[in-house]
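Here is how the chains run, residue by residue.
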Amino acid sequence: MKYYSTNKKVKPVGLEEVVVKGLAADKGLFMPEKIIPFEPSFFKNIQKLSFQEIAFEVARKFFGEDVENEKLKKVVFDTLQFDCPVVQVTKDIWSLELFHGPTLAFKDVGARFMARLLQYFLAGQQRQVNVLVATSGDTGSAVANGFLGVEGIHVFVLYPKGKVSPIQEVQFTTLGQNITALEVDGTFDDCQHLVKTAFLDEELNQKLQLTSANSINVARFLPQAFYYFNAYARLKEQGALAGKKLVVSVPSGNFGNLTAGLFGHQMGLPIHQFVAANNANDIVYEFLKTGNYNPRPSVETLANAMDVGDPSNFARIMDLYGHSHERISSIMKGYRYSDKDIREIVLEAYQKHNYLLDPHGACGYQALNEYLSEGEVGVFLETAHPAKFTDIVESIVGKSHVPLPDKLAAFMKGEKKRAAIGKDFEEFKAFLLK
Ligand SMILES: *Cc1c(COP(=O)(O)O)cnc(C)c1O
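About the thresholds
Residues numbered from 1 in each chain as written. Predicted model: local features only at pLDDT ≥ 70, side-chain atom pairs only at ≥ 80, totals over all residues. Heavy atoms only, no water. Salt bridge = Lys/Arg side-chain N within 4 Å of Asp/Glu carboxyl O. Helix = DSSP H or I, 4+ residues; strand = E, 2+ residues; numbered from the N terminus. Buried < 20%, exposed > 50% of the residue type's maximum accessible area, 1.4 Å probe, protein only. Pairing = 2+ DSSP bridges. Axes fitted to C-alpha atoms, helices over the stretch in contact; angles between N-to-C directions. Contact = heavy atoms within 4.5 Å. Near = heavy atom within 4 Å. Polar contact = N/O pair within 3.5 Å; in protein donor to acceptor, adjacent residues only side chain to side chain. Areas by Shrake-Rupley, 256 points an atom, 1.4 Å probe, with all protein chains shown as cover. Nonpolar A, V, L, I, M, F, W, Y, C, P; charged D, E, K, R; others polar.

1. Observations concerning the pattern of salt bridges
Opposite charge on two side chains allows them to pair when their charged atoms are near.
1) Next: Here the structure, examined in full by the defined rule, presents 21 salt bridges.
2) Next: A salt bridge links glutamate 65 to lysine 34, with the shortest nitrogen-to-oxygen separation between them at 3.0 Å. In this pair, glutamate 65 sits in the loop between α3 (51–63) and α4 (69–79) while lysine 34 sits in the loop between β2 (30–32) and α2 (40–44), placing the two residues 31 residues apart along the sequence.
3) Next: Using a relative accessible area of 40% as the deciding quantity, one classes lysine 34 as partly exposed.
4) Next: For arginine 296, the salt bridge identified is with aspartate 282, shortest N-O distance 2.7 Å. One end of the pair, arginine 296, is in the loop between α13 (283–290) and α14 (314–320); the other, aspartate 282, is in the loop between β10 (273–278) and α13, and 14 residues separate them in sequence.
5) Next: For aspartate 282, a relative accessible area of 8% puts it in the buried group.

This is the structure we're talking about:
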């Protein structure tokens with residue numbers, strides 16, 4: 001399968017280049033040239049398949065022309081070593097829990113898949129690939145854990161000293177093996193600047209094969225379609241869909257997660273309506289209402305992984321629906337929530353339904369409460385475990401109401417190892433070359 005750029009200024013390229021490069025040469029986002037739908041019969045019996053089996057069928061539609069079946073199956077099954085279950089919260093609202101992976105957030109799925117697909121393309125080659133990633137917290141942990149132990153790939157995680165939470169820091173500094181954590185004496189922007197400069201540095205690129213594990217990478221974003229299909233299957237299995245229409249609500253920042261769901265929909269997945277839940281960074285909410293897309297600098301909120309002022313996947317959504325505001329605003333309804341709303345929602349869901357939401361999932365949950373009508377059943381994507389935001393969630397529901405999952409506790413016990421560097425590029429370069 002070939003992939004074209006949303007900017008359409010370069011020729012379509014193959015999957016290997018797409019995965020290694022991430023972004024098209026004209027700075028557009030890669031899109032598959034075709035979306036292959038399933039036969040309706042697939043959805044009749046989908047509940048008989050396991051999550052891994054469903055994911056493999058979905059993966060074959062995207063990657064089946066480029067990766068042999070057995071290899072692709074291994075990539076998918078190795079990626080999904082954890083479940084993405086649906087859990088009932090109210091009569092008609094279910095939570096799709098995406099926090100059962102190694103770093104307790106949905107980005108584990110895409111990061112693990114990308115690592116294994118990259119490894120597939122590197123197999124048999126002598127070269128080592130170096131992944132550079134700048135993080136303000138969560139991306140670093142998902143990427144580092146996703147690539148942990150994957151042969152032929154070394155990951156350098158750059159993070160700003162003193163500016164990530166202790167729980168985030170241990171998730172990429174205690175791993176060892178092929179993961180190197182670099183504590184930068186500077187801000188997140190300094191980290192990002194170092195990484196960007198490295199990609200442009202001729203000598204570095206001559207001596208080292210560098211790549212990014214950016215969230216816009218096709219190999220990180222398309223696998224997110226897997227759990228939409230699984231949610232449908234598991235809801236069907238439990239009889240929750242009987243005669244009802246399915247509504248899916250997605251707490252959104254860069255809109256990669258939601259866009260993956262739209263791909264699923266185009267492959268025939270019976271989703272009646274998507275709901276996009278924003279925090280105060282409501283650029284897409286405004287677009288859906290007015291047709292005007294006005295990106296602006298992001299503001300900080302309690303749901304900080306959704307603090308995005310110019311969602312990168314918006315270009316994919318526009319492309320998918322022929323730039324038609326009418327089509328986009330019909331498949332997708334927008335809602336937005338302030339920090340004050342988020343606090344009230346988390347408290348209400350906990351007190352009334354004994355379900356602990358994280359600040360991101362809270363937006364998704366509430367959007368369903370507002371949208372759903374008779375004859376519909378809703379599922380929201382619970383994108384992270386509430387314990388990843390212990391301070392915030394405890395300040396809402398009270399201390400000792402947010403148990404620390406074993407996986408996070410285990411990270412806390414590990415030995416922190418990192419190298420310290422300044423924000424000067426030459427120092428970073430020397431470190432990479434040694
Ligand atoms: C990254 C992230 C989001 C936003 O997902 P997008 O694909 O960027 O829209 C939402 N919640 C959590 C917890 C995240 O880490």
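2. Some words on the sheet that holds strand β7 (residues 179–184)
1) Next: With respect to topology, five strands assemble into an open sheet ordered β8-β5-β6-β7-β13, the strand pairing being parallel. Each edge of the sheet is formed by a strand with only one pairing partner; in this case those strands are β8 (209–212) and β13 (419–421). When the angles between neighbouring strand axes are averaged without regard to direction, this sheet yields 30°.
2) Next: Direction of pairing for strand β6 (residues 153–160) relative to β7: parallel, over a ladder of six bridges. Within β7, the position partnered with proline 160 by the bridge is valine 184.
3) Next: Against the sheet, helix α5 (residues 107–122) engages β5 (129–134), β6 and β8, with an angle of about 140° to β6.
4) Next: Most of the contacts of helix α8 (residues 188–200) go to β5, to which it runs at about 150°, and overall it touches β5, β6, β7, β8 and β13.

3. Here we look at the side chain of aspartate 319
1) Next: Structurally, aspartate 319 is set in helix α14.
2) Next: Residues contacting aspartate 319, with those up to four places away along its chain left out, are Tyr4, Thr6, Lys8 and Met31.

4. Brief notes about the site of the ligand
1) Next: In the vicinity of the ligand, 14 residues are found, and the nearest of them are Lys107, Gly253, Asn254, Phe255 and Thr383.
2) Next: Taking asparagine 257, its main chain carries an N or O atom lying 2.9 Å from an oxygen atom of the ligand.
3) Next: Within the side chain of threonine 383, an N or O atom sits 2.8 Å from a nitrogen atom of the ligand.
4) Next: Surface burial for the ligand is 95%, taken as the share of its 380 Å² of free accessible area covered by protein chains.
5) Next: Each residue belonging to the shell around the ligand can be placed in one class, and the counts come to six nonpolar, seven polar and one charged.

In short, geometric facts, not functional conclusions.
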